[in-house]
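Spelled out from the first residue to the last, the chains are:
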Amino acid sequence: MSGAAGRPRLGAARSEKAGAPRSGADGAARFGKAGAARSGADGALTIAEVAAATGTSAHTLRYYERIGLIRPVARARSGHRRYGPDDVRWVEFLRKLHATGMPIRRMLAYAALVRRGEDTISERRALLEAHRDDVAAKLAEQQAHLAIIEKKVLMYLDLEKQSARRRAS
(Lines give C-alpha, C1' and ligand atoms only; values in the text may rest on other atoms or scores of the structure.)
Protein backbone atom coordinates (compact mmCIF):
# COMPACT_ATOMS: atom_id res chain seq x y z
CA MET A 1 0.00 0.00 0.00
CA SER A 2 1.40 3.39 -0.93
CA GLY A 3 1.27 6.80 0.69
CA ALA A 4 1.56 10.22 -0.88
CA ALA A 5 3.43 10.43 -4.17
CA GLY A 6 3.68 6.63 -4.43
CA ARG A 7 6.06 6.41 -1.47
CA PRO A 8 5.62 3.55 0.97
CA ARG A 9 3.63 4.41 4.05
CA LEU A 10 5.11 3.98 7.45
CA GLY A 11 5.38 0.30 8.20
CA ALA A 12 4.76 -0.71 4.60
CA ALA A 13 7.06 -3.28 3.06
CA ARG A 14 9.93 -1.82 1.04
CA SER A 15 12.13 -3.39 -1.56
CA GLU A 16 15.49 -4.58 -0.26
CA LYS A 17 16.97 -3.47 -3.57
CA ALA A 18 16.17 0.16 -2.75
CA GLY A 19 18.94 0.37 -0.13
CA ALA A 20 20.46 -1.27 2.89
CA PRO A 21 18.45 -4.02 4.54
CA ARG A 22 16.54 -3.19 7.67
CA SER A 23 17.84 -6.07 9.75
CA GLY A 24 20.43 -8.79 9.83
CA ALA A 25 24.21 -8.56 10.09
CA ASP A 26 24.56 -5.73 7.58
CA GLY A 27 21.35 -4.07 8.67
CA ALA A 28 23.72 -2.99 11.43
CA ALA A 29 22.00 -4.57 14.43
CA ARG A 30 25.35 -4.62 16.18
CA PHE A 31 26.51 -1.15 15.10
CA GLY A 32 25.43 1.13 17.91
CA LYS A 33 22.10 1.75 19.48
CA ALA A 34 19.03 3.20 17.88
CA GLY A 35 18.10 6.72 18.90
CA ALA A 36 16.51 6.75 22.30
CA ALA A 37 14.03 9.50 21.41
CA ARG A 38 10.87 8.03 19.94
CA SER A 39 8.47 10.38 18.21
CA GLY A 40 5.46 8.28 17.33
CA ALA A 41 3.53 5.44 18.86
CA ASP A 42 5.05 3.22 16.19
CA GLY A 43 8.60 4.14 17.27
CA ALA A 44 9.41 6.04 14.07
CA LEU A 45 11.87 8.92 14.24
CA THR A 46 11.79 12.20 12.38
CA ILE A 47 14.74 13.37 10.31
CA ALA A 48 15.61 15.87 13.07
CA GLU A 49 15.64 13.12 15.69
CA VAL A 50 17.83 10.87 13.54
CA ALA A 51 20.16 13.78 12.80
CA ALA A 52 20.52 14.47 16.53
CA ALA A 53 20.89 10.78 17.44
CA THR A 54 23.60 10.12 14.84
CA GLY A 55 25.43 13.44 14.69
CA THR A 56 24.48 13.73 11.03
CA SER A 57 22.78 16.77 9.55
CA ALA A 58 19.34 16.48 8.01
CA HIS A 59 20.93 17.69 4.76
CA THR A 60 23.41 14.78 4.85
CA LEU A 61 20.62 12.29 5.54
CA ARG A 62 18.69 13.58 2.52
CA TYR A 63 21.89 13.45 0.44
CA TYR A 64 22.65 9.87 1.51
CA GLU A 65 19.11 8.89 0.53
CA ARG A 66 19.32 10.74 -2.80
CA ILE A 67 22.58 9.02 -3.86
CA GLY A 68 21.42 5.60 -2.67
CA LEU A 69 23.68 5.25 0.34
CA ILE A 70 20.57 4.72 2.44
CA ARG A 71 17.46 3.31 0.95
CA PRO A 72 14.35 5.42 0.52
CA VAL A 73 12.94 6.18 3.93
CA ALA A 74 9.31 5.48 4.80
CA ARG A 75 7.03 8.49 4.79
CA ALA A 76 4.16 9.45 7.04
CA ARG A 77 0.89 10.47 5.40
CA SER A 78 2.17 14.03 5.64
CA GLY A 79 5.15 13.07 3.44
CA HIS A 80 7.67 13.54 6.27
CA ARG A 81 10.39 10.94 6.56
CA ARG A 82 10.02 8.38 9.34
CA TYR A 83 13.10 6.37 10.27
CA GLY A 84 13.15 3.07 12.11
CA PRO A 85 15.82 1.65 14.45
CA ASP A 86 17.52 -0.24 11.60
CA ASP A 87 17.77 3.00 9.61
CA VAL A 88 19.47 4.67 12.58
CA ARG A 89 21.92 1.79 13.02
CA TRP A 90 22.75 1.86 9.30
CA VAL A 91 23.40 5.63 9.42
CA GLU A 92 25.56 5.16 12.53
CA PHE A 93 27.61 2.53 10.70
CA LEU A 94 27.97 4.79 7.66
CA ARG A 95 29.18 7.55 9.98
CA LYS A 96 31.84 5.20 11.36
CA LEU A 97 32.99 4.32 7.86
CA HIS A 98 33.10 8.00 6.91
CA ALA A 99 34.88 8.98 10.13
CA THR A 100 37.57 6.41 9.42
CA GLY A 101 38.18 7.88 5.98
CA MET A 102 36.19 5.59 3.72
CA PRO A 103 35.31 7.50 0.56
CA ILE A 104 31.64 7.83 -0.34
CA ARG A 105 32.33 5.88 -3.54
CA ARG A 106 33.50 2.88 -1.50
CA MET A 107 30.59 3.28 0.93
CA LEU A 108 28.25 3.16 -2.08
CA ALA A 109 29.96 -0.01 -3.29
CA TYR A 110 29.52 -1.57 0.15
CA ALA A 111 25.83 -0.56 0.29
CA ALA A 112 25.28 -2.03 -3.18
CA LEU A 113 26.83 -5.31 -2.04
CA VAL A 114 24.60 -5.34 1.03
CA ARG A 115 21.52 -4.83 -1.16
CA ARG A 116 22.57 -7.72 -3.41
CA GLY A 117 22.30 -10.06 -0.46
CA GLU A 118 23.99 -13.04 1.09
CA ASP A 119 25.91 -14.00 -2.05
CA THR A 120 28.16 -10.96 -1.50
CA ILE A 121 29.31 -11.73 2.03
CA SER A 122 32.88 -12.51 0.90
CA GLU A 123 33.04 -9.33 -1.16
CA ARG A 124 31.75 -7.27 1.75
CA ARG A 125 34.31 -8.83 4.08
CA ALA A 126 37.09 -8.14 1.57
CA LEU A 127 35.98 -4.52 1.18
CA LEU A 128 35.92 -4.01 4.94
CA GLU A 129 39.25 -5.79 5.37
CA ALA A 130 40.83 -3.46 2.80
CA HIS A 131 39.38 -0.48 4.65
CA ARG A 132 40.56 -1.88 7.97
CA ASP A 133 44.07 -2.20 6.53
CA ASP A 134 43.93 1.41 5.28
CA VAL A 135 42.81 2.60 8.72
CA ALA A 136 45.54 0.57 10.45
CA ALA A 137 48.19 2.06 8.14
CA LYS A 138 46.92 5.58 8.86
CA LEU A 139 46.93 4.85 12.59
CA ALA A 140 50.52 3.59 12.42
CA GLU A 141 51.53 6.75 10.58
CA GLN A 142 49.76 8.90 13.17
CA GLN A 143 51.45 6.96 15.99
CA ALA A 144 54.83 7.72 14.41
CA HIS A 145 53.92 11.41 14.17
CA LEU A 146 52.72 11.38 17.77
CA ALA A 147 56.01 9.85 18.92
CA ILE A 148 57.94 12.69 17.27
CA ILE A 149 55.69 15.30 18.86
CA GLU A 150 56.06 13.63 22.26
CA LYS A 151 59.85 13.65 21.86
CA LYS A 152 59.72 17.38 21.08
CA VAL A 153 57.50 18.07 24.11
CA LEU A 154 59.98 16.24 26.36
CA MET A 155 62.83 18.25 24.84
CA TYR A 156 61.03 21.51 25.67
CA LEU A 157 60.30 20.33 29.22
CA ASP A 158 64.00 19.62 29.64
CA LEU A 159 64.92 23.05 28.21
CA GLU A 160 62.45 24.73 30.61
CA LYS A 161 64.04 22.92 33.57
CA GLN A 162 67.54 23.96 32.45
CA SER A 163 66.40 27.55 32.03
CA ALA A 164 64.79 27.57 35.48
CA ARG A 165 68.00 26.20 37.02
CA ARG A 166 70.11 28.90 35.33
CA ARG A 167 67.77 31.63 36.59
CA ALA A 168 67.86 30.17 40.11
CA SER A 169 71.69 30.16 40.23
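In this numbering scheme, every chain counts its residues from 1 along its sequence in written order. Local features are withheld for residues below a pLDDT of 70 in this predicted model, meaning they are given only at 70 or higher, and side-chain atom pairs are given and counted only at 80 or more; totals for whole chains, interfaces and linings count all residues. Only heavy atoms go into the side-chain values, all of them from the structure, while hydrogens and water stay out.

> Explain the overall build of the chain residue by residue, including any values.
Check the secondary structure of the chain and you find 5 helices and 0 strands. The helix and strand sequence of the chain, counted from the amino end, reads α-α-α-α-α. Within the chain, buried positions represent 32% of all 169 residues. In the chain, of all internal contacts separated by at least 6 residues, the share reaching a separation of at least 24 is 62%. Under the convention used here, a 1.4 Å probe and the Shrake-Rupley method define accessible areas, while residue burial counts only the protein chains that appear. For the chain, the accessible surface area stands at approximately 10,400 Å², while carbon and sulfur atoms represent 57% of it. A run of DSSP states H or I qualifies as a helix once it reaches four residues; a run of E qualifies as a strand once it reaches two. Both are numbered from the N-terminal end. The rule is simple: take the accessible area with a 1.4 Å probe, protein chains only, and divide by the maximum for that residue type; under 20% is buried, over 50% is exposed, in between is partly exposed. Any two residues having at least one pair of non-hydrogen atoms within 4.5 Å are treated as being in contact.

> Requested: an account of the side chain of Thr54, with residues and values cited.
Considering the arrangement of structural elements, one finds Thr54 in helix H1 (residues 47–54). Not counting residues within four places of it along the chain, the set of residues in contact with Thr54 comprises Val88, Val91, Glu92 and Arg95.

> Explain the packing of helix H2 (residues 58–67) against helix H4 (residues 104–116) to me, and be specific about the residues and the numbers.
As a packed pair, H2 and H4 sit with axes 11 Å apart at the nearest point and diverge in direction by 60°. In terms of orientation, H2 and H4 fall into the oblique class. H2 and H4 meet at a crossing whose hand is right-handed. When H2 is examined against H4, the residues Tyr63, Tyr64 and Ile67 are found in contact with a partner set consisting of Ile104, Met107 and Leu108. Under the scheme applied here, ten amino acids are nonpolar (Ala, Val, Leu, Ile, Met, Phe, Trp, Tyr, Cys and Pro), four are charged (Asp, Glu, Lys and Arg), and all others, including Gly, are polar. By residue class, the composition of the contact of H2 with H4 is 6 nonpolar, no polar and no charged. Note on geometry: axes are C-alpha line fits, over the in-contact stretch for helices, and angles between N-to-C directions span 0 to 180 degrees. For classification purposes, an angle smaller than 35 degrees is called roughly parallel, one larger than 145 roughly antiparallel, one from 65 to 115 roughly perpendicular, and anything else oblique. For any helix crossing, the convention is left-handed if the near helix is rotated counterclockwise from the far helix by under a right angle, and right-handed if that rotation is clockwise.

> Just give me the short version of the environment of Leu113, but keep the residues and values in it.
Along the chain, the position of Leu113 falls in helix H4. Judged by its relative accessible area of 10%, Leu113 falls in the buried class. Between the C-alpha atoms of Leu113 and Leu127, which are 14 residues apart in sequence, the distance is 9.7 Å. Residue contacts for Leu113: discarding those within four places in its chain leaves Thr120, Glu123, Arg124 and Leu127.

> If you had to explain the pattern of salt bridges to someone new, which residues and values would you point to?
Should the charged atoms of two oppositely charged side chains come close, the side chains can pair. Any Lys or Arg side-chain nitrogen found within 4 Å of a carboxyl oxygen on Asp or Glu counts as a salt bridge. Following the criterion strictly, the structure yields 6 salt bridges and no others. Of the charged contacts in the structure, one is a salt bridge between Asp86 and Arg89, with a shortest N-O distance of 2.2 Å. Here the residue Asp86 and the residue Arg89 both occupy positions in helix H3 (residues 85–99), the gap between them amounting to 3 residues, near one helical turn. Given a relative accessible area of 15%, Arg89 falls into the buried group.

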